[in-house]
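Working through the structure, step by step
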Amino acid sequence: MRKNLGAKPYVYPQVVLIVAAYDEAGTPNAMNAAYGGVAGSNKIFLCLSANHKTVKNIQAKGAFTVSVGDEAHMAECDYVGVASGNNVPNKLEKCGFHTEKSEFVDAPVIQELPLALECKLISYDPDTHYMFGEIVNVSVDEKAVTPEGALDVAKLAPITYDNANKAYLALGQKVGDAFSDGKKFQ
């Protein structure tokens, strides 16, 4: 038997996305974005309300980065979501995050978070809060790369947001092979 919960945004896993941008003076800011994901092979979609300092920065600069939150920095990732850049101008410094300028876009890369998507703003609609960005590069810390040069998700240690329980969860172990295990039904 199933239980109806109503209209809820319960999609799992919901990766913790840390969106960063510079303001007009070049000061980095970041926020924790609850809703977002990929929109094709080279685009990202975010749902961000217009009142966020980071959104204003993205609109001013036309660029941003999206880092994946990890287990080692869960509290820092949560902090950039609870502290507003409109009220706390140095929130990255306050939680111990350091940034460096992306090589590809005019936006900061958070050094402590091992995976970053470097993006150009495609569009933003303040009424729907929908933002689309073109992914122009993905940079990853060497510690989260296999000897063959591929991304090692286990070493990345991404965290997900559990909207139903207001919690962060670590991703688990490998359970199968994509585009392979389902072939047994062919």
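All residue numbers refer to position in the chain's written sequence, counted from 1. Per-residue local features of the predicted model are confined to residues with pLDDT of at least 70, and side-chain atom pairs are confined, for both listing and counting, to 80 or more; whole-chain, interface and lining totals are unaffected and use all residues. Calculated side-chain values reflect all of the structure's heavy atoms, with hydrogen atoms and water omitted.

**Overview of the pattern of salt bridges**
Inclusion rule: In what follows, salt bridge is the name for a side-chain nitrogen of Lys or Arg lying within 4 Å of a carboxyl oxygen of Asp or Glu. Only protein chains enter the accessibility calculation, which uses a 1.4 Å probe; a residue is then buried when its area is under 20% of its type maximum, exposed when over 50%, and partly exposed in between.
This model, assessed by the stated rule, comprises three salt bridges. For aspartate 152, the salt bridge goes to lysine 155, with nearest N and O atoms at 3.8 Å. Note on aspartate 152: relative accessible area 16%, which makes it buried. A salt bridge links lysine 174 to aspartate 177; the nearest nitrogen and oxygen atoms lie 2.7 Å apart. Lysine 174 gets classed as exposed once you look at its relative accessible area, which sits at 64%. Assessed through its relative accessible area of 40%, aspartate 177 is described here as partly exposed.

**Description of a nonpolar patch on the surface**
Condition: Patch membership is restricted to residues that have no salt bridge and whose relative accessible area is over 30%. Joining uses 9 Å for like charges and 5 Å for the nonpolar side chains Val, Leu, Ile, Met, Phe, Trp and Tyr. Methods summary: accessible areas were calculated by the Shrake-Rupley approach with a probe of 1.4 Å, and residue burial reflects only the protein chains presented. Put simply, DSSP marks the helices as runs of H or I at least four residues long and the strands as runs of E at least two long, and each gets a number from the N terminus on.
Taken together, Val140, Leu151, Val153 and Leu171 make up a surface patch of nonpolar side chains, about 280 Å² in accessible area. Mapping valine 140 onto the fold places it in strand β9 (residues 130–140).

**A closer look at the pairing of strand β1 (residues 17–22)**
The condition that has to hold: In this scheme, strands are said to pair when DSSP sees at least two bridges between them.
Counting buried residues along β1, six of its six residues qualify, which places the element largely inside the surrounding structure. Here β1 shows a buried face lined by Leu17, Val19 and Ala21 and a second buried face lined by Ile18, Ala20 and Tyr22. The pairing of β1 with strand β2 (residues 28–33) spans six bridges and is antiparallel. The residue bridging isoleucine 18 from the neighbouring strand is asparagine 32, located in β2.

**Comments concerning the layout of surface pockets**
Rule in force here: Every definition here rests on a 1 Å grid over the protein atoms only: cavities are sets of points where a 1.4 Å probe fits but cannot get out, pockets are open sets enclosed by protein on both sides within 12 Å along at least five of seven lines, and lining residues have some atom within 4 Å of a point. Grid points are joined across faces, edges and corners, and a volume is the space filled by probe spheres set on the points. Polar here means any residue outside two lists: the nonpolar Ala, Val, Leu, Ile, Met, Phe, Trp, Tyr, Cys and Pro, and the charged Asp, Glu, Lys and Arg; Gly therefore counts as polar.
The computed volume of the largest pocket comes to approximately 350 Å³. Considering the residues around the largest pocket, the lining is formed by 24 residues, among which Met31, Asn32, His52, Gly81 and Val82 are closest to the centre. At five residues, β2 tops the list of elements feeding residues into the lining of the largest pocket. Taken together, the residues of the lining of the largest pocket sort by class into eleven nonpolar, ten polar and three charged.

**Examining the sheet that holds strand β8 (residues 115–125)**
Inclusion rule: All axes here are fitted lines through C-alpha atoms, helices being fitted over the stretch that makes contact, and every angle between N-to-C directions spans 0 to 180 degrees. In what follows, residue pairs with any heavy atoms lying within 4.5 Å of each other are defined as contacts.
Spatially, the seven strands line up as an open sheet ordered β2-β1-β5-β8-β9-β4-β3, and their pairing is antiparallel. Strand pairing shows two members of the sheet lacking a second neighbour, β2 and β3 (36–38), which therefore form its edges. When the angles between neighbouring strand axes are averaged without regard to direction, this sheet yields 30°. Helix-sheet contacts for helix α1 (residues 53–61) involve β1, β2, β5 (63–68), β8 and β9, and the interaxial angle to β1 is about 50°.

**Looking at the environment of alanine 50**
When you line up the elements, alanine 50 lands in the loop between β4 (43–47) and α1. The class for alanine 50 is partly exposed, based on a relative accessible area of 32%. Sequence separation of alanine 50 and proline 126 is 76 residues, and the distance between their C-alpha atoms is 5.6 Å. Not counting chain neighbours up to four residues away, the residues in contact with alanine 50 comprise Val55, Lys56, Tyr124, Pro126 and His129.

**Regarding the environment of aspartate 127**
Along the chain, aspartate 127 turns up in the loop between β8 and β9. C-alpha separation for the pair aspartate 127 and serine 49, spaced 78 residues apart in sequence, amounts to 8.5 Å.

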